[in-house]
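Summary of structural features
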Amino acid sequence: MLYWQRIPGNTGCIARTCAASAVGLHLVEPLGFQVDDTKLKRAGLDYWPYVVVKVHGSWGEFRDYFSQQTGEKRLLAFTKRGATVHSVSAFI
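Report on the accompanying structure.

Thresholds, definitions, all that
Residues numbered from 1 in each chain as written. Predicted model: local features only at pLDDT ≥ 70, side-chain atom pairs only at ≥ 80, totals over all residues. Heavy atoms only, no water. Patch = residues over 30% accessible without salt bridge, like charges linked within 9 Å, V, L, I, M, F, W, Y side chains within 5 Å. Areas by Shrake-Rupley, 256 points an atom, 1.4 Å probe, with all protein chains shown as cover. Salt bridge = Lys/Arg side-chain N within 4 Å of Asp/Glu carboxyl O. Helix = DSSP H or I, 4+ residues; strand = E, 2+ residues; numbered from the N terminus. Buried < 20%, exposed > 50% of the residue type's maximum accessible area, 1.4 Å probe, protein only. Core = buried A, V, L, I, M, F, W, Y, C linked by side-chain atoms within 4.5 Å. Phe/Tyr/Trp six-rings, centres within 6.5 Å; stacked < 30°, edge-to-face > 60°. Lys NZ or Arg CZ within 6 Å of the ring centre and 35° of its normal. Expected span 1.5 Å × (residues − 1). Pairing = 2+ DSSP bridges. 1 Å grid on protein atoms, 1.4 Å probe; cavity = no way out; pocket = protein on both sides within 12 Å on 5 of 7 lines; lining within 4 Å. Points joined across faces, edges and corners; volume = space filled by probe spheres on them. Nonpolar A, V, L, I, M, F, W, Y, C, P; charged D, E, K, R; others polar.

Together, Met-1, Tyr-3, Trp-4 and Trp-59 line one region of the surface with nonpolar side chains, adding up to about 410 Å² of accessible area. One can find Trp-4 in the loop between strand E1 (2–3) and helix H1 (8–21).

Of the consecutive residues Glu-29 and Pro-30, the connecting peptide bond is found in the cis state with omega at 10°. Positionally, Pro-30 belongs in the loop between strand E2 (25–28) and helix H2 (38–44). Phi angles above zero are rare outside glycine, and Ala-22 is one such case at about 60°. In this fold, Ala-22 is placed in the loop between H1 and E2. We classify Ala-22 as exposed; its relative accessible area is 69%.

So, on to the nonpolar core. Grouped burial of nonpolar side chains is what soluble globular proteins tend to show. Core analysis: the largest hydrophobic core is formed by 11 residues, namely Leu-2, Ala-15, Cys-18, Ala-19, Leu-25, Leu-27, Leu-31, Phe-33, Leu-40, Trp-48 and Val-51. Listing elements by their share of this core, those giving two or more residues are H1 and E2.

Our next topic: the packing of aromatic side chains. In this description, an aromatic ring pair is defined by two values, namely the gap between the centres and the angle between the planes. Tallying each qualifying case throughout the model produces 2 aromatic pairs. Counting every residue linked through ring pairs, the aromatic cluster contains Trp-59, Phe-62 and Phe-66. The side chain of Lys-73 reaches across the aromatic face of Phe-66, ending 6.0 Å from its centre.

Time to look at H1. With 14 residues, H1 ought to run about 20 Å at 1.5 Å a step, and its terminal C-alpha atoms sit 20 Å apart, in line with that. The first or second residue beyond H1 is Ala-22, which carries a positive phi of 60°.

This brings us to the pairing of E2. The alternating pattern of E2 places Leu-25 and Leu-27 on one face and His-26 and Val-28 on the opposite face, and all of these are buried. Pairing of E1 with E2 involves 2 bridges; the strand directions are parallel. Counted as the bridge partner of Tyr-3 is Val-28 from E2. With 4 bridges joining them, E2 and strand E3 (residues 53–56) adopt parallel strand pairing. Counterpart to Val-28 in the pairing with E3 is His-56.

Within this model, the largest pocket holds a volume of roughly 1000 Å³. What lines the largest pocket is a set of 27 residues, among which Met-1, Leu-2, Tyr-3, Ile-14 and Phe-78 lie closest to the centre. If you list the elements that add at least two residues to the lining of the largest pocket, you get E1, H1, E2 and helix H3 (59–68). Here the lining of the largest pocket gets 4 residues from one element, more than from any other, and that element is H3. Taken together, the residues of the lining of the largest pocket sort by class into 18 nonpolar, 5 polar and 4 charged.

What follows is the structure, given as structure tokens:
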């Protein structure tokens with residue numbers, strides 16, 4: 001899940017990782033680009049057919065969607081502005 005993503009190239013690279021990991025890509029608006037952006041498509045290369053992308057209109061919408069999913073789940077959040085090292089996980 002990417003929240004308030006502004007760089008289409010980074011999103012495309014993450015989409016490749018999602019394809020390789022067989023996990024869906026959730027984008028939470030507002031986005032700093034259109035989902036059909038050329039840079040986004042280029043960075044995702046030929047992996048787009050293997051990525052399930054869902055765009056959520058807001059953080060609340062994503063949270064509702066996530067809470068309704070069945071089975072074991074966890075949400076890990078990362079930011080470049082955090083004070084905790086990324087290898088130390090906190091459960092939300």
